[in-house]
Amino acid sequence: MAGIDMPMIAPLARLPHLATVHISRLHAGDLLPQLGQLPVLKSLCILPGSEEGPLTYHEMAGLCAAQTLEHVSLSEDIADEALRPLANLYTLRDLRLTGSSFSGQDIAYLANLTRLEVLDLSETNISDQGVQQLAPLINLRSLSLSYTQMRGSSLTALQSLTRLQELRLFQIPLDDAGVQALAPFLELRQLFFTYAGTDATKPAGAAYLPEPDRLIA
């Protein structure tokens, strides 16, 4: 499928106040290198494309120069190594990869994003091993792992995330031991999970939980 004529999009790099951009997957390969040059780009959303293949490393590498970027959202398949350029975006605070498919090994690149406050990996193929790679993200306030391949037992690898205020674990079965693993998250205000323990009326581990403003089990 034909791309965008480069002379047509070249002026984008000269828009000094453009801070928020939504683009389609169809045009990501053409636009990302230009958008990476924007001096105050804060938020980027890549919308799904029905006929395009996975986002590639070379396409995502166009963002390496975007040193003001704070928010990235994409719901696309991601080729091997395509998450690696994100590791250089040290200003990133909010990353949403909802519904994306990527290599389990590539999740390790996110460990460099130590300023992240919001991370949404719901409906991805992240597993227990991938969850362990998130431990360095100690500034996370919100984490969503709903509808993934992780097991509740892998929460023990996230004990360093003591600043979490929101944790979403829809369709992640937690037994009593899994609920007890939530005890270190003393700042939790919202907690969503699927209880799979022995007491159908109340999780036996509930006594170990902090007191969130909202608890859905």
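Data block above holds the structure.
Residues numbered from 1 in each chain as written. Predicted model: local features only at pLDDT ≥ 70, side-chain atom pairs only at ≥ 80, totals over all residues. Heavy atoms only, no water.

A.B. asks: Just to check I follow, could you spell out unusual backbone geometry for this structure?
C.D. replies: Keep in mind that most residues, glycine aside, have a negative phi and that most peptide bonds are trans. Non-glycine residue Glu81 carries a positive phi angle of around 75 degrees. You can see Glu81 is positioned in the loop between strand S3 (71-74) and strand S4 (94-96). For Tyr147, which is not glycine, the phi dihedral falls at a positive 55 degrees. Looking at the secondary structure, you find Tyr147 in the loop between strand S6 (142-144) and strand S7 (166-174). (Helix = DSSP H or I, 4+ residues; strand = E, 2+ residues; numbered from the N terminus.)

A.B. asks: Can you help me understand the pairing of strand S2 (residues 43-47) in this one?
C.D. replies: In regular strands, side chains alternate between the two faces of the sheet. Across the 5 residues of S2, 4 count as buried, placing the element largely inside the fold. In this structure, strand S1 (residues 20-24) lies alongside S2, joined through 5 bridges in parallel fashion. Within S2, the residue paired with Ile23 across the bridge is Ile46. Taken together, S1, helix H2 (residues 28-35) and S2 form a β-α-β motif whose crossover is right-handed. Summarising the sheet, S2 and S3 pair through 4 bridges and their orientation is parallel. Across the sheet, Leu44 pairs through a bridge with Val72, a residue of S3. (Buried < 20%, exposed > 50% of the residue type's maximum accessible area, 1.4 Å probe, protein only. Pairing = 2+ DSSP bridges. Right-handed = clockwise from strand over helix to strand, strands pointing away.)

A.B. asks: Whenever I open this one, the nonpolar core confuses me. Can you help?
C.D. replies: One recurring pattern in soluble globular proteins is that nonpolar side chains are buried together. If you look at the biggest cluster of nonpolar residues, it comprises 55 residues, and the most contacted ones within it are Leu95, Leu119, Leu134, Leu143 and Leu145. If you list the elements that add at least two residues to this core, you get S1, H2, S2, S3, S7 and strand S8 (190-195). Those residues within four positions of Leu134 in sequence are excluded, and the remaining contacts are Ile107, Leu119, Leu121, Ile126, Leu143, Leu145, Leu158 and Leu161. (Core = buried A, V, L, I, M, F, W, Y, C linked by side-chain atoms within 4.5 Å. Contact = heavy atoms within 4.5 Å.)

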